[in-house]
Amino acid sequence: MYKLLSILAIIVPFAVSAQNYTFSEYQRDANDVDVHIDKPDGFNCLSDTSSEIRNPLTLDINPEFRIPGCGHHYPTIGWIYSAIFESDNKDALLMYPGLFKYLAPLDHLIEQEIQASNSDHGLDVRPYLTTIAKEDMTQYANADTVIIYEFDIKGKPVLGRYNHCIGIYTRKYAHPNLGLKIITNSIGPAKKDEYIKTMLKSVRYGNDVSAEGKKWEQDYPGAITILSQSPRPSSHQH
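Predicted model, so just to flag it, every value in this text is computed and none were measured.

Colleague: Would you mind going over the environment of Phe-23 with me for this structure?
Modeller: Its place among the elements puts Phe-23 in helix α2 (residues 23-32). For the pair formed by Phe-23 and Ala-83, sequence separation is 60 residues and the distance between their alpha carbons is 5.9 Å. For Phe-23, the contacting residues outside a window of four places in its chain are Ile-37, Asp-38, Lys-39, Cys-45, Asp-48, Ala-83 and Phe-85.

What follows is the structure, given as structure tokens:
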């Protein structure tokens, strides 16, 4: 419980202060924790300029989904997003999540997102995941591990027109884990691969291991547990 309260003490102030949070401020905060984020090629920043975007933004994945034993729906399971870009041809959004310093154990959000979209809190989500962990990860944001998955948004489409999500979860030791998102409609495999590459090209982890990052890893181990067990017994208590 103490750890949960410690996490909330970081997340809640961030969510409140994220109003009118600009991309340049987001880049600055990412740099502070050794994550370098560039403007994605072929995309325009909506979160700085568009009245359509609420900052921060959440996804209405499934308004009908209920957490067992709680009785309430959980439509915005997952992350909040502070930087949102739309493609020049207006067929996709790239969404960058809020940064919670070195907060590590966030892979349960992947499980919740996929389970919510499928209306199944007991779903084993591992068949939905593509895991990348190579010796050379320079093409994958210099992360240690990248997980890619997809789901449909059953609630309100983002901006009223985007209802399919490609999730990209990046994990690097002693760095923030990121829940990146590509939100689109019907695009072919070639376009999908292009946008995944664009997203990953725009993010690069450094190799610094700070004392604070190591301490966060000790307090909140960041191992990706859903790769070995899903559904997790505690997954509905987060």
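Colleague: For this particular structure, what's the right way to read the side chain of Arg-171?
Modeller: For Arg-171, the position within the fold is in strand β7 (residues 164-171). A distance of 2.7 Å separates the side chain of Arg-171 from the side chain of Glu-217, its partner in a polar contact.

Colleague: Any chance you could explain the packing of aromatic side chains here in plain terms?
Modeller: Under the criterion given, the structure shown has 8 aromatic pairs. Each ring, one from Tyr-26 and one from Tyr-96, has its centre 6.5 Å from the other, and the planes form 65°; the classification is edge-to-face. Remark: Tyr-96 occurs in strand β4 (residues 92-97) and Tyr-26 occurs in helix α2; sequence separation between them is 70 residues. By relative accessible area, Tyr-26 is classed as buried at 0%. On the numbers, 5.4 Å between centres and 75° between planes, the contact of Phe-43 with Tyr-195 is edge-to-face. Here Phe-43, found in strand β2 (residues 43-45), pairs with Tyr-195, found in helix α4 (residues 189-201); they are 152 residues apart in sequence, far enough to count as distant. A relative accessible area of 2% means that Phe-43 is categorised as buried. Using a relative accessible area of 4% as the deciding quantity, one classes Tyr-195 as buried.

Criteria and cut-off values
- Residues numbered from 1 in each chain as written.
- Predicted model: local features only at pLDDT ≥ 70, side-chain atom pairs only at ≥ 80, totals over all residues.
- Heavy atoms only, no water.
- Helix = DSSP H or I, 4+ residues; strand = E, 2+ residues; numbered from the N terminus.
- Contact = heavy atoms within 4.5 Å.
- Polar contact = N/O pair within 3.5 Å; in protein donor to acceptor, adjacent residues only side chain to side chain.
- Phe/Tyr/Trp six-rings, centres within 6.5 Å; stacked < 30°, edge-to-face > 60°.
- Buried < 20%, exposed > 50% of the residue type's maximum accessible area, 1.4 Å probe, protein only.

Treat this as a map of the structure, not an account of what it does.
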